Amino acid sequence: MARGDQVYAIREVMGIPYEHHGIDLGDGTVIHYRKVDEAEVSRTSVESFARGGPVYIVPQLTAYIPEVVIKRAKSRLGEKDYSLFFNNCEHFANWCKTGRNDSRQLTGFGLRLDQIRLPQVGDLAGQMAREESPSAALTLFQQALGNLNVALQSLLPQYTALQNEIESWQQVAQAALERGREDLARAALYKKVEAKKQADQLKHQLDEVSELQLQIEQDQALAQKRLSESI
C-alpha cells in the first residue's frame, strides 16, 4: 500500500462477502465511508478499516497523482450522502482516484447479492445496473423491496420462536433449582445460552435486511424525484 492508493477490505453482510473501498493516506489511515449510526466519510486507522482482515490495492489503468487523490478524498470528509446505488463506498473511492463515480459491484447491490438466497434479488440487481428509465427503475425497486419483505417474514417467526425457547429454558432452570437439581438447571441454562446465540445471529440478519430495505427505499425516493423532474 502507498499514499493515494485505492484500497479495499473484504467484509460480510448476512454472511455475504463484499468489497469495502477507501483511499490510503500513506500514514496508517484511510478515508472511507464509515458506518456507525449513519454512513459518513471519515478518516480512520487502517486497522479499523480492515477489521482484522487483509487490505488489497485496486489497480487502475488511469488515475490522478497521489496528492490529487488525497485532496479529493479530504474534500468530502464529513459527507453523509451515502446511497447504495448512487454513492456507496466504491463510488466514493473511484471518484477520488479516477474521477469516475461508478461501482462495478452495483450489479450486486454492493453486497454481491448473486450469492444471497432472496428470490430474484440478484436478477433485479443486474437489471438495475443496466436500467436507464426512471419509471422502470421504480418498478425494480418495488420488486426488490417485495423480496426483502419475504426474507423478513421468514426470519421473524424464527426469531420469535427462539425468544420463546429462551424463556422456556429459563423457567426449566428455575424449576430445577427449586427442586435442588442443579445438574438439570445447568443443562437447561446451557440450552438457553445456545438458543440465545442463535437468536442473536438472527437478530443481526434482521438488522442487515432492514438496513438494506431502508437504503433501497431511500434510492427509490431519489429515483421518484428524478422521474418527477424529467416530466
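(A) Fine view of the environment of His20. In this fold, His20 is placed in strand β2 (residues 16–24). Residues His20 and Ile10 lie 10 residues apart in sequence; the distance between their C-alpha atoms is 6.2 Å. Here the side chain of His20 touches His32 through a polar contact of 2.9 Å, side chain to side chain. A polar atom in the side chain of His20 sits 3.4 Å from the backbone oxygen of Tyr33.

(B) Here's a closer look at the packing of aromatic side chains. Within the structure shown, the criterion is met by three aromatic pairs. With a centroid separation of 5.2 Å and 25° between ring planes, the pair formed by Tyr8 and Tyr56 is classed as stacked. In this pair, Tyr8 sits in strand β1 (residues 6–13) while Tyr56 sits in strand β5 (residues 55–57), placing the two residues 48 residues apart along the sequence. Judged by its relative accessible area of 17%, Tyr8 falls in the buried class. Where Tyr33 meets Tyr82, the ring centres are 5.3 Å apart and the plane angle is 75°; that geometry is what we call edge-to-face. Taken together, the residues Tyr33 in strand β3 (residues 29–35) and Tyr82 in the loop between α2 (66–74) and α3 (89–98) connect sequence positions 49 residues apart. Aromatic rings pair up to connect Tyr33, Tyr82 and Phe92 into one cluster. Here Arg11 stacks its cationic end above the ring of Phe49, 6.0 Å away from the centre of that ring. Sitting over the ring of Trp95, Arg76 keeps its end group 4.8 Å from the ring centre.

(C) Region of the structure containing the side chain of Asn87. For Asn87, the position within the fold is in the loop between α2 and α3. Polar contacts involving the side chain of Asn87 include one to the side chain of Arg76, which spans 3.0 Å. Setting aside residues up to four positions removed in sequence, Asn87 forms contacts with Tyr33, Arg76, Glu79, Asp81, Tyr82 and Asn101.

(D) Spatial organisation of the pairing of strand β4 (residues 39–45). Bridge count for β3 against β4 is seven bridges, and the pairing is antiparallel. Looking at the pairing, Thr29 lines up with Ser45 of β4. Here β3 folds back onto β4 in antiparallel fashion, the turn holding three residues.

(E) Geometry of the packing of α2 against α3. Close contact between α2 and α3 brings their axes to 7 Å; oriented N to C, the two are set at 140°. Classified by the interaxial angle, the pair formed by α2 and α3 is oblique. Between α2 and α3 lies a crossing of right-handed hand. Along its contact with α2, which presents Val69, Arg72 and Ala73, the element α3 presents Phe92, Trp95, Cys96 and Lys97. The class makeup of the residues in the contact of α2 with α3 is five nonpolar, no polar and two charged.

The rules we used
- Residues numbered from 1 in each chain as written.
- Predicted model: local features only at pLDDT ≥ 70, side-chain atom pairs only at ≥ 80, totals over all residues.
- Heavy atoms only, no water.
- Helix = DSSP H or I, 4+ residues; strand = E, 2+ residues; numbered from the N terminus.
- Polar contact = N/O pair within 3.5 Å; in protein donor to acceptor, adjacent residues only side chain to side chain.
- Phe/Tyr/Trp six-rings, centres within 6.5 Å; stacked < 30°, edge-to-face > 60°.
- Buried < 20%, exposed > 50% of the residue type's maximum accessible area, 1.4 Å probe, protein only.
- Lys NZ or Arg CZ within 6 Å of the ring centre and 35° of its normal.
- Contact = heavy atoms within 4.5 Å.
- Pairing = 2+ DSSP bridges.
- Axes fitted to C-alpha atoms, helices over the stretch in contact; angles between N-to-C directions.
- Parallel < 35°, antiparallel > 145°, perpendicular 65-115°, else oblique.
- Left-handed = near helix turned anticlockwise from the far one by under 90°.
- Nonpolar A, V, L, I, M, F, W, Y, C, P; charged D, E, K, R; others polar.

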